[in-house]
Amino acid sequence: MTRPHPGIPALFRSFLYLGVTAFGGLAMIEPLRRLVVQDRGWLSPREFMDGVAFCQVIPGATVVQLATYVGQRLRGPAGALAAGAAFILPAFVSMTALTWLYRSFGHLAWVQALSRGLNAAVLALLLQALWRLGRDICRFWPELALAAGAFAAFGAQLDYLAVFLGAGVLRCCLPRAGEAGGPGSPEVPKAPTGVRELAVAAGLLAGALAGWLALSRHSPLLAQLAALMAKVGVISFGGGYVMIPVLQREVVDHLHWLSLPQFLDGLLLSYVTPGPLIILAAFTGYLVQGLAGAAVATVAIFLPPILIVVGLSPFYQQVKGARWMQPFIRGVLAALVGMLAWTTLKMGLATLTEVKAWALMLGAAIALLGLDMNLLWVILAVAVVSVMIF
């Protein structure tokens, strides 16, 4: 069966909607899967999970990378940029508006209450992602064992990338159970050669470097901000949870652009803003150089990892069919389940400290897992109740 091919406007609208409801970082994998696989049928379950595995071993915000990967698979480089930009745009607009309020009026008391409630909703989203992905991935004992090992490894604070690559290698050494694709999967298009994608990525990179050189002549501070954010985006494997401490070390401890209380306030705002947690870059840029700083910081932290997806995705499509690659992918996905379990436990211990938080989390979990309610309505309901009860 041939899958429907969405146009660029349809891709942009779909990921813009996802960006509005994208709370919780890794918790957004399940809503993204539902849209792309279940509701629209754009990718088969196996294609989507292959993309999830790919995004675990490249730098950047994982869910932004996954949105970019889906756009790339469906409409090439133009689709990748449309999906990535649409997913980030609501976060940028929301964070910029909140930062303006923060800078103009000081501490926003209601943000604390909203954050406590939304954290409970994010915990429910993590449980949903853990249940759905765990059920699909850990059907055989090798994956279950690797997920448990990854859970222990993350608990021991071992290196993120080493855990994922190690799980992939170990899975290649274990019995090859359950690797065949499911029946009825949509037809997979032939993988591109990658020459066009590499050329596009190289052209965009050259344009970005030319822009940075022009910026350095016009505003050295903005150029320094752009270089810093690009570095954070390229060297950080593991998504926002890894990128945030790297950013703190640079802007608070090294450059002293923000005080630690300001940085923590920005982190709090990032939790109540849809989209990736590392939209904290927009908060930082705004406090450094206003709206221009917010825009430059956001583009600089997301563009290099997006270009990595655009440039490398076609080559990944060519090698993922190799006999050794499928068990490697399954091992990486098993490690993701372990990471989700560890993140859920850690966040649960920090969030569920009172009866009201437990009630919100259970209500959201029932709505998402039991009643299969629309995520947007669940988030809105939790936000309203949070402001009322906290």
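Residues numbered from 1 in each chain as written. Predicted model: local features only at pLDDT ≥ 70, side-chain atom pairs only at ≥ 80, totals over all residues. Heavy atoms only, no water.

Draft legend 1. Spotlight on the overall build of the protein. In terms of regular secondary structure, the protein is built from 15 helices and 0 strands. Here the protein holds 390 residues, and 55% of them are scored as buried. Partitioning the contacts of the protein with sequence separation of at least 6, the portion at a separation of at least 24 is 78%. Surface exposure of the protein reaches about 16200 Å², of which carbon and sulfur atoms provide 70%. (Helix = DSSP H or I, 4+ residues; strand = E, 2+ residues; numbered from the N terminus. Buried < 20%, exposed > 50% of the residue type's maximum accessible area, 1.4 Å probe, protein only. Contact = heavy atoms within 4.5 Å. Areas by Shrake-Rupley, 256 points an atom, 1.4 Å probe, with all protein chains shown as cover.)

Draft legend 2. Representation of the environment of Leu-340 within the structure. Its location among the elements puts Leu-340 in helix H13 (residues 325-351). A residue is classified by how much of its surface remains accessible, and Leu-340, at 0% relative accessible area, is buried. Taking the C-alpha atoms as reference, Leu-340 lies 8.3 Å from Phe-151; in sequence the two are 189 residues apart.

Draft legend 3. Main features of helix H6 (residues 141-155). When the terminal C-alpha atoms of H6 are compared, their 21 Å separation across 15 residues agrees well with the 21 Å that a helix rising 1.5 Å per residue should span. Residues of H6 that are buried: Pro-142, Glu-143, Leu-146, Ala-147, Ala-150, Ala-153 and Phe-154. The buried residues of H6 occupy one face: seen down the axis, they fall within an arc of 130°. Exposed side chains of H6 directed beyond 90 degrees from the buried face belong to Trp-141 and Leu-144. Looking at the residues trailing H6, positive phi occurs at Gln-157, about 60°. (Expected span 1.5 Å × (residues − 1). Arc of directions from axis to C-beta.)

Draft legend 4. Structural context of the pattern of salt bridges. Scanning the entire structure with this criterion turns up 5 salt bridges. Taking the shortest distance from any N to any O, the salt bridge between Glu-30 and Arg-33 comes out at 2.8 Å. Of the two residues, Glu-30 and Arg-33 are both situated in helix H2 (residues 29-39); the distance of 3 residues between them amounts to about one turn of the helix. Glu-250 is the partner of Lys-231 in a salt bridge, and the nearest nitrogen-oxygen pair spans 2.9 Å. (Salt bridge = Lys/Arg side-chain N within 4 Å of Asp/Glu carboxyl O.)

Draft legend 5. Main features of the environment of Ala-297. Mapping Ala-297 onto the fold places it in helix H12 (residues 280-319). Not counting residues within four places of it along the chain, the set of residues in contact with Ala-297 comprises Leu-225, Met-229, Ala-281 and Gly-285.

Draft legend 6. Highlighting the side chain of Arg-171. Looking at where Arg-171 falls in the secondary structure, it is placed in helix H7 (residues 160-173). Its relative accessible area of 0% is what places Arg-171 among the buried residues. A distance of 2.6 Å separates a polar atom in the side chain of Arg-171 from a polar atom in the side chain of Glu-143. (Polar contact = N/O pair within 3.5 Å; in protein donor to acceptor, adjacent residues only side chain to side chain.)

Draft legend 7. Region of interest: the packing of aromatic side chains. For the structure on display, the rule yields 6 aromatic pairs. Arranged with centres 5.8 Å apart and planes meeting at 45°, the rings of Phe-54 and Tyr-69 form a pair that is tilted. Taken together, the residues span a long stretch of sequence, with Phe-54 in helix H3 (residues 45-56) and Tyr-69 in helix H4 (residues 62-105) at a distance of 15 residues. The same class applies to Phe-54 as to Tyr-69, namely buried. A centroid spacing of 5.9 Å and a plane angle of 55° characterise the contact between Phe-154 and Phe-164, whose relative ring orientation is tilted. Here the residue Phe-154 occupies a position in helix H6, and Phe-164 occupies one in helix H7, the gap between them amounting to 10 residues. Each member of the pair, Phe-154 together with Phe-164, is buried. Ring pairs connect the aromatic residues Phe-54, Tyr-69 and Tyr-316, which therefore count as one cluster. (Phe/Tyr/Trp six-rings, centres within 6.5 Å; stacked < 30°, edge-to-face > 60°.)

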